[in-house]
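# Structural overview
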Amino acid sequence: MEIDKIYEPQTKEKKWYKFWMDNGHFTPKIDPDKKPYTILIPPPNVTGILHMGHVLNNTYQDVMVRYQRMTGHPTLWLPGVDHAGIATQNVVEKELAKEGLTRFDVGRDKLVERIWEWKEQKGGRIIEQLKQLGASCDWSRERYTMDDVLSKAVRKVFVHLYEKDLIYKGNYIINWCPRCNTALSNDEVEHEDETGKLWHICYPFSDGSDFVTVATTRPETMLGDVAVAVNPNDERYKDKIGQTVLLPFIGREIPIIADEYVDMTFGTGCVKITPAHDPNDFMMGQRHGLEPILVMDDHGVMNENAGPLFVGMNRFDCRKKIVEQLQQQRLLAKIEDHQHAVGHCYRCATVIEPYLSDQWFVRMKPLGEPAIDVVNKGEVKFIPERWTKVYLHWMENIRDWCISRQIWWGHRIPAWYCECGEMIVSEEDPTTCPKCGSDKLRQDEDVLDTWFSSWLWPFSTMGWPEKTEDLEYFLPTNLLVTAPGIIYLWVARMIMSTLEFTGKIPFDTVFLHGMVLDEQGRKMSKSLGNSPDPIDLIAIYGADALRFSMIFNTPRGQDSYFSEGVIEHGRNFANKIWNAYRFIMMSVEKIEGLPADDEIELELADKWILSRLNQVTKEANEHFEAVRFNDAAQLLQEFIWKEFCSWYLELSKDRIYNDDNPKAQRTAKYILLHVLEQSMRLLHPLMPFITEEIWQSLKGMLPIEEEALIIANYPQADDCLIDANVDAKMQLVQDCISCIRNLRKQMGISPGKMVNVSIKVARGEQKAIIEDNLGYFSKLAKVEEMTCGTDVERPKPSLADVVTDIEIYLPLTGLVDIDSEIARLEKQEAKLAQDLGRIESKLNNESFTSRAPQEVVDKEKEKYEEVRVTLEKTRTLLDDLR
RNA sequence: GGGUGCUUAGCUCAGUUGGGAGAGCACCUGCCUUACAAGCAGGUGGUCGGCGGUUCAAGUCCGUUAGCACCCACCA
């Protein structure tokens, strides 16, 4: 058989993905007797293309899904795509702009149509890319948040919450993005610390007698001021309360009011009140019955309320002009630098404007309580655990959720207005007004926040509100894998909605991973150009290499640094596996059949590799169960590369090449095939393609009935084969060999030269182990003759003549140099003896034993005993060595 | 202003209940040893951020301090 010398992933990966798809291996078979395992994909945006963050996120999910599938659970990885309201509309609006059009030119229906067209042609590219990564999602269940079923769920939920009075509509200050032209929820605003200015502005009293000074970071909003507030306890202004000042530029007479909210120590202790453009001012305005005045339109342009001087200017130009004008009129008392957090739109980074407008909200507090409970009770767990606190803190301070968006792409709010003024909220489109019977109904123009469909993901994807088999079987799901950035936006809300609408938790474990940064620790971004295209990487290195590297390189729950050097590691590992496979196939080709049961003769290396295989199997299972992916990756790499390839494979060669002993030959063949085959199973979740490729060509040579590795059983450890005694014996051999190699190197003996070695060991049993396995020394350390004993003479060191026989004196006690070990133990002995003496005298001291509490004395006695035992052990060991 | 996390070899990180400081990469040396030079073998390198405490014993527990990162927050 010809096997490539270098592993070529490209063709093989396509072949196996198709094989899995064609055989329906990604689709679980519902079996009521078995416990299902389910992961919901965090639906990528329909506009999205695969980036390194997705690679990490989806690799984690696929690893777990493949592991669980192999352990026998009917396993579902439910995929889908999010319609991403603002993001998608932005993309299509950009296309329109190229044609010189705006959305208003084409109109609502046409725009929505274009967005659907766009989706058909270009959307969901990321799905194809996930397939290249090896994602074993059940594509027959793929969902889109704008699917009919999901839309139905959205309406049902909306109406339900409305009827429970958990959805309300009203005029409040919300976060407004003047570029996207829509409201945003608090969680969609990203705050960034910036150095701004604090302008101190003089407002003269109406009678012209004097003035008060207010401080503001947004002077343009002064045009909408309706009052000036001071703290009622502030002595400076006590007598001013109730007086009025004249608002510059506008000439409006506004009162000085008293409100506890005002911080006397900040600025001048005087606050301008702009209820239409600041949330606090809005609340104060409500408390004092002040009418808000909007001075901007929805594009952030000053309106007629801003006065003739400023109308038509955008907010930032207006700010400049106001400051200029104030300076001219000598009303600007002071300008200070000021650090404050400025909100930006999470979609387009435009500075957010707090803005008074009519919006829909979800009352969150009542939904939050059960969601707090399930986390407190441990029914939903976070990994790493620390995120629990973050979640609970947010939930306990939860605020109402603004869900209406003034865009066109999304689920339109199921509310209609009749000309009679009646509002109808309904799952089905109403035809007539139930109050007046009119058919002149107008649906609310707004659409719902994208997250209003995402938060239903755990059950809307399974067909809710119908009572489907999926819903019954797969919910609650098990693992949610996502980044901490959307705990509030998504994770928390899914817990709330799923509890409210199904009475179940959505998932029992939330695994939160970090970000993928570049080598310099910067975020990957298009503008920096530091984000490699994963598809290119897959084309060059293969998906297995990419997957393994990402997992191997990423510490649990922390950010990781990616560079191409990282992925080379995975590529090299794949190649290593491939060559081990190549060696084994080439070696066993000529060897007929497998050994019969009574032919199997296991020697030390065989017993050892089986022991290690089972130990590793045990640990791999533990790592996957505990969601410790990188530990699993490290463990398996170490085992396959170091233990199996570097040690076992080398040691098997003598028997494999020796045709004179067919029994031993067949035994070695069997162990090689068996360990390789088991290793492929163990590694499959991490590197699915190469393992399937190798396993498929291997399985005919072993008694295996499973048809594909992807659905083969994950190995379970056989504890009987884990033998610490065997491990220790092998360890001794390995350490001796390393020692000899080290000394050879130090003495400059060429690698191929055979040498004679004398070894001094501490105990007779060690001598026996070495002498029983002289072949290993010959093979791996080029030892010709070995003299081994507890009393071997130290030969005269002769480095000069290294032509034929060299004797190496190798003082060993198990693993370490005897002399330095004795020195170390002597030091330890002295210290322990001293410690023991100190404790003893303390215990003999009457004033201590009589005065100290009994517990303390007992503790001291315990310690005495502990130190005494340690000292005894140390002395025994020392005697042994001397 | 609150909260969380991190600080161990040049880099990225392990280090489970306190008891002889580890891995990978990088670097140096020697090897094309018939699976693999994307490899093999050997090696250099650390006052475990600082200070203080508990303990016979601290990378590990406690306190404190510094630096970094992220999250939350309506002080104009």
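Criteria and cut-off values
- Residues numbered from 1 in each chain as written.
- Chains lettered and ligands numbered in written order.
- Predicted model: local features only at pLDDT ≥ 70, side-chain atom pairs only at ≥ 80, totals over all residues.
- Heavy atoms only, no water.
- Helix = DSSP H or I, 4+ residues; strand = E, 2+ residues; numbered from the N terminus.
- Buried < 20%, exposed > 50% of the residue type's maximum accessible area, 1.4 Å probe, protein only.
- Contact = heavy atoms within 4.5 Å.
- Areas by Shrake-Rupley, 256 points an atom, 1.4 Å probe, with all protein chains shown as cover.
- Core = buried A, V, L, I, M, F, W, Y, C linked by side-chain atoms within 4.5 Å.
- Axes fitted to C-alpha atoms, helices over the stretch in contact; angles between N-to-C directions.
- Parallel < 35°, antiparallel > 145°, perpendicular 65-115°, else oblique.
- Nonpolar A, V, L, I, M, F, W, Y, C, P; charged D, E, K, R; others polar.
- Pairing = 2+ DSSP bridges.
- Salt bridge = Lys/Arg side-chain N within 4 Å of Asp/Glu carboxyl O.
- Expected span 1.5 Å × (residues − 1).
- Patch = residues over 30% accessible without salt bridge, like charges linked within 9 Å, V, L, I, M, F, W, Y side chains within 5 Å.
- Lys, Arg positive; Asp, Glu negative; His and termini not counted.
- Charge placed at Lys NZ, Arg CZ, Asp CG, Glu CD.
- Phe/Tyr/Trp six-rings, centres within 6.5 Å; stacked < 30°, edge-to-face > 60°.
- Polar contact = N/O pair within 3.5 Å; in protein donor to acceptor, adjacent residues only side chain to side chain.
- pLDDT = per-residue confidence, 0-100.

### Overview of the overall build of chain A
When helices and strands are tallied, chain A shows 28 helices and 28 strands. A burial count over chain A gives 53% of its 882 residues as buried. Across chain A, contacts joining residues at least 24 apart in sequence account for 78% of those joining residues at least 6 apart. Total accessible area on chain A is roughly 40400 Å²; 48% of this is exposed by carbon and sulfur atoms.

### Some thoughts on the nonpolar core
Among soluble globular proteins, nonpolar side chains are generally buried collectively. The biggest cluster of nonpolar side chains holds 199 residues, and the ones touching the most others in it are L161, Y391, F452, F644 and L686. Sort the elements by how many residues they give to this core and helix α20 (residues 629-657) lands first, with 14 residues. Not counting chain neighbours up to four residues away, the residues in contact with F644 comprise I584, I609, F639, L649, L672, V675 and L676. Listed in part, the 45 residues of the second largest apolar core include W199, Y203, I293 and F361.

### Some details on the packing of helix α1 (residues 9-22) against helix α22 (residues 688-698)
A pair of packed helices can be characterised by two numbers: the angle between their axes and the separation between those axes. In contact at an axis separation of 9 Å, α1 and α22 are set at 80 degrees when each is read in the N-to-C sense. For the element pair α1 / α22, the angle class is roughly perpendicular. Contacts from K12, E13, K15, W16, Y17, F19 and W20 in α1 reach P688, F689, E692, E693 and Q696 in α22. Along the lines of polarity and charge, the residues of the contact of α1 with α22 split into 6 nonpolar, 1 polar and 5 charged.

### Examining the sheet that holds strand β18 (residues 415-418)
If you walk across this open sheet you meet the 3 strands as β19-β18-β20, and the pairing is antiparallel. Two strands close off the open sheet at either side, each with one partner strand: β19 (423-425) and β20 (441-443). Neighbouring strand axes in the sheet, compared pairwise and without regard to direction, differ in orientation by 30 degrees on average. In this structure, β18 lies alongside β20, joined through 3 bridges in antiparallel fashion. Directly across from C418, in β20, lies its bridge partner L441.

### Here we look at unusual backbone geometry
Cis geometry is adopted by the peptide bond preceding P384, which originates at I383 and carries an omega value of -5 degrees. Its place among the elements puts P384 in the loop between β15 (381-383) and α11 (387-396). Here A349, not a glycine, exhibits a phi torsion of approximately 65 degrees, which is positive. Of note in this structure, V627 is not a glycine but carries a positive phi near 55 degrees. By the secondary structure assignment, V627 is in the loop between α19 (604-625) and α20. On the basis of relative accessible area, V627 is assigned to the buried category, the value being 5%.

### Some points on the pattern of salt bridges
Following the criterion strictly, the structure yields 46 salt bridges and no others. In this structure, E93 and R103 form a salt bridge, with 3.7 Å as the shortest nitrogen-oxygen distance. In this pair, E93 sits in helix α3 (residues 85-98) while R103 sits in helix α4 (residues 103-106), placing the two residues 10 residues apart along the sequence. Across the salt bridge formed by E336 and K334, the nearest N and O atoms sit 3.8 Å from each other. Salt bridges sharing partners connect three or more residues here, namely E95, E99, R114 and K122.

### Notes on the pairing of strand β8 (residues 211-216)
Within β8, 5 of the 6 residues are buried, which leaves the element mostly enclosed by the surrounding structure. Pairing geometry for strand β7 (residues 189-204) and β8, over 6 bridges, is antiparallel. Of the residues in β8, the one forming a bridge with C202 is T213. Between the end of β7 and the start of β8, which pair antiparallel, lie 6 residues, with G208 showing a positive phi angle near 75 degrees.

### So, helix α21 (residues 662-683)
The terminal C-alpha atoms of α21, which comprises 22 residues, lie 31 Å apart, in line with the 32 Å expected from a rise of 1.5 Å per residue. Summarising burial for α21: 18 of the 22 residues are buried, a large majority.

### Points about the sheet that holds strand β12 (residues 270-273)
Taken together, the 4 strands give an open sheet; going across it, the order is β10-β11-β9-β12, and neighbouring strands pair in mixed fashion. The two strands at the open ends of the sheet, each matched to only one other strand, are β10 (244-246) and β12. Taking the axes of each pair of neighbouring strands and ignoring which way they run, one obtains an average angle of 30 degrees across the sheet. In this structure, β10 lies alongside strand β11 (residues 253-258), joined through 3 bridges in antiparallel fashion. Paired with V245 across the strands is I254, a residue of β11.

### Regarding a negative patch on the surface
A surface patch of negative charge is lined by E2, D4, E8 and E589. In this structure, E8 sits in the segment before α1.

### With respect to the packing of α11 against helix α15 (residues 487-502)
Two elements in contact, α11 and α15, have axes whose closest approach is 11 Å; the angle formed by their N-to-C orientations is 80 degrees. The orientation of α11 with respect to α15, classified from their angle, is roughly perpendicular. Where α11 approaches α15, its residues W387, V390, Y391, W394 and M395 are matched on the opposing element by I487, Y488, A492, I495 and M496. In the contact of α11 with α15, the residues fall into 10 nonpolar, no polar and no charged.

### Observations concerning the packing of aromatic side chains
By the definition in use, this model includes 38 aromatic pairs. Residues W116 and Y144 carry aromatic rings whose centres are separated by 5.9 Å and whose planes lie at 75 degrees to one another, so their mutual orientation is edge-to-face. With W116 in helix α5 (residues 108-122) and Y144 in strand β4 (residues 143-144), this pair connects stretches of sequence that are 28 residues apart. On the accessibility criterion, W116 (32% relative accessible area) is partly exposed. A relative accessible area of 3% places Y144 in the buried class. With centroids separated by 5.8 Å and ring planes inclined at 40 degrees, the aromatic side chains of W401 and F452 adopt a geometry described as tilted. On the criterion of sequence distance, the pair formed by W401 in strand β16 (residues 401-402) and F452 in helix α12 (residues 451-454) is long-range, its members being 51 residues apart. Here the two residues W401 and F452 agree in accessibility, since each one is buried.

### Here we look at the side chain of H200
Structurally, the position occupied by H200 is in strand β7. Of the residues examined, H200 reaches a relative accessible area of 4% and is grouped as buried. For H200, the side chain forms a polar contact with the side chain of E336, separated by 3.0 Å. In this view, H200 contacts T213, V214, A215, G267, T268, L331, L332, A333, K334 and E336; residues no more than four positions away in its chain are not counted.

### A few points about the environment of D33
Among the structural elements, D33 can be located in the loop between α1 and β1 (37-40). In this structure, the C-alpha to C-alpha distance between D33 and L489, residues 456 residues apart in sequence, is 36 Å.

### Structural notes on the confidence of the model for chain A
Per-residue confidence for chain A averages 86 on the pLDDT scale, and 90% of its residues sit at or above 70. Counting interchain partners and residues more than four positions distant, the pLDDT-below-50 stretch residues 795-817 has 54 contacts. Here the complex is predicted with pTM 0.88, and the ipTM for its interfaces comes to 0.92.

### A look at a positive patch on the surface
Taken together, K94, K98, R179 and K526 make up a surface patch of like positive charges. The topology assignment puts K94 in helix α3. The class for K94 is exposed, based on a relative accessible area of 62%.

### Some thoughts on the side chain of Q678
Mapping Q678 onto the fold places it in helix α21. Apart from the residues within four sequence positions on either side, Q678 is in contact with L613 and P715.

### A few points about helix α2 (residues 52-70)
With 19 residues, α2 should reach 27 Å at 1.5 Å per residue; the first-to-last C-alpha distance of 27 Å fits that figure. Of all the 19 residues making up α2, 18 are buried; the element is thus mostly covered by neighbouring parts of the structure. Directly after α2, the chain includes G72, whose backbone phi takes a positive value near 105 degrees.

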